[in-house]
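Survey of secondary and tertiary structure
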Amino acid sequence: MPHRSDPHPSSAALPSRDAVAATLRAAGCVFAEDEADMILAAADGDPGAVDAMVTRRAAGLPLELVVGWAEFGGRRILVEPGVFVPRRRTEFLVEQALALAPGASVVVDLCCGSGAVGAALAAALGAVDLHAADIDPAAVRCARRNVAALGGHVHQGDLFDALPARLRGRVDVLAANVPYVPSDEIALLPAEARDHEPRVALDGGADGLDILRRVAAEAPTWLAPGGRLLIETSPHQAPGALSAFTESGLDAHLAVCEERPARVVTGRRP
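What this report covers is the structure whose coordinates are included nearby. Residue positions are given per chain, counting from 1 as you read along its sequence in written order. Per-residue local features are limited, in this predicted model, to residues with pLDDT of at least 70; the limit for side-chain atom pairs, both in listing and counting, is 80 or more; totals at the level of whole chains, interfaces and linings are taken over all residues. Note that water and hydrogens are dropped before the side-chain values are worked out from all heavy atoms of the structure.

**Focus: the packing of helix α5 (residues 91-100) against helix α6 (residues 116-125)**
- Where α5 contacts α6, the axes come no closer than 10 Å and their chain directions differ by 35°. Handedness of the crossing formed by α5 with α6: right-handed. Two secondary-structure elements touch here, α5 through Leu93, Val94, Ala97 and Leu98 and α6 through Val117, Ala120, Leu121, Ala124 and Leu125.
- In this classification, Asp, Glu, Lys and Arg are treated as charged, Ala, Val, Leu, Ile, Met, Phe, Trp, Tyr, Cys and Pro as nonpolar, and every other residue, Gly included, as polar. Residue classes in the contact of α5 with α6 are distributed as 9 nonpolar, no polar and no charged. To get an axis, a line is fitted to the C-alpha atoms, and for a helix only the part in contact is used. The angle between two axes follows their N-to-C directions and goes from 0 to 180 degrees. The secondary structure listing takes helices from DSSP runs of H or I that are at least 4 residues long and strands from runs of E that are at least 2 residues long, numbered from the N terminus. Left-handed is the label given to a crossing in which the near helix is rotated counterclockwise from the far helix by less than a right angle, and right-handed is the label when the rotation is clockwise. By definition in these notes, contact holds between two residues if any of their heavy atoms fall within 4.5 Å.

Structure, rendered in structure tokens:
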């Protein structure tokens, strides 16, 4: 019988970092050493957990779903299978929101997925009235885990239909990381996204702008005077995104970060 104080009663030895990295590298993982470190840390000394995580990662599961979290905005965001994994480029959207509305008191994270954007904004702004919303029940469950400690509220529904009516005309920052991949380009995405993330979080319609247009059209009725709408977009979609913002009556601007790379369309309610 194993000793009671042994948390992992197994005769198997913990795989070395080099061994884990070699397996990951053979599976095509470019940053195999870094990924090995994350897997070994997440396994907490359990050889069986290491083997299981390496197997899942080698089979193509995104690393964030293997270890259960993603780094975003200096925070550890919990992620679960079936939920969109937050991208580091989206940190640029958060940075733009903080620069444009440093005194925001009402924040909405629409199409929130894991709730990463809303959590990052609330953590930076301090005491805010934070609301996140998504149409996907799996995303709503995951977002609640990430924003609960920040006093945030998460709602399920289709875009603005999910939000409490009392927020109408009061939102200082409306961040919407909407799906913007054109429908016929879903099949061209990397397998990690195509096979392991929900289509509803990726598919933006024929030209990728369907959801963006819907958000831009209704946003002015939810924004406070001077409130900001921020949406991530792609280089070739930026002109159409800007047009959608201006047609809804917002003062629109495109912010670009070539390093990540990232493009964010911002709109201000006059």
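**A look at the pattern of salt bridges**
- What makes a salt bridge here is a side-chain nitrogen of Lys or Arg within 4 Å of a carboxyl oxygen of Asp or Glu, nothing more. On inspection of all chains with the given rule, the structure shows 18 salt bridges.
- Between Glu192 and Arg57 there is a salt bridge, with the nearest N and O atoms lying 2.6 Å from each other. Here Glu192, found in helix α8 (residues 191-196), pairs with Arg57, found in helix α3 (residues 47-58); they are 135 residues apart in sequence, far enough to count as distant.
- Exposure classes here rest on a 1.4 Å probe applied to the protein chains alone. A residue is buried below 20% of its type maximum, exposed above 50%, and partly exposed in between. The class for Glu192 is partly exposed, based on a relative accessible area of 31%.
- In this structure, Glu232 and Arg89 form a salt bridge, with 3.2 Å as the shortest nitrogen-oxygen distance. Remark: Arg89 occurs in the loop between β2 (75-78) and α5 and Glu232 occurs in strand β7 (residues 223-233); sequence separation between them is 143 residues.
- Residue class for Glu232 comes out buried when judged on its relative accessible area of 2%.
- A single salt-bridge network, built from bridges that share partners, covers Glu71, Arg88, Glu91, Glu95 and Arg260.

**What to know about the packing of aromatic side chains**
- By convention, a stacked pair of Phe, Tyr or Trp rings (six-membered ring in the case of Trp) has centres within 6.5 Å and planes under 30 degrees apart, an edge-to-face pair has planes over 60 apart, and any other such pair is tilted. Tallied over the full model, the rule gives 1 aromatic pair.
- Measuring from centroid to centroid gives 5.6 Å for Phe160 and Trp222, while their planes differ by 20°, and the two rings are stacked. Of this pair, Phe160 sits in the loop between β5 (153-156) and β6 (171-176) while Trp222 sits in helix α9 (residues 210-222), placing them 62 residues apart in sequence.
- Lying across the ring of Trp69, Arg76 places its NZ or CZ 3.8 Å from the centre. The criterion for a charge sitting over a ring is simple: Lys NZ or Arg CZ within 6 Å of the ring centre, and within 35 degrees of the ring normal.

**Here's the deal with the sheet that holds β7**
- At least two bridges found by DSSP between two strands are what make those strands a pair. Reading across from one edge, β5-β4-β3-β6-β7-β9-β8 is the order of the 7 strands in this open sheet, with mixed pairing throughout. Where the open sheet ends on each side, the last strands, each with one partner, are β5 and β8 (251-257). Here the average twist between neighbouring strands, direction ignored, is 20°.
- In the sheet, β7 pairs with strand β9 (residues 262-268) via 6 bridges, with the strands oriented antiparallel. Bridging from a neighbouring strand, Leu229 pairs with Gly267 of β9.
- This element, α5, spans β6, β7, β8 and β9 of the sheet and lies at about 160° to β7.
- Helix-sheet contacts for helix α7 (residues 137-147) involve β4 (129-134) and β5, and the interaxial angle to β5 is about 175°.

Purely spatial values, then, with no claim about function.
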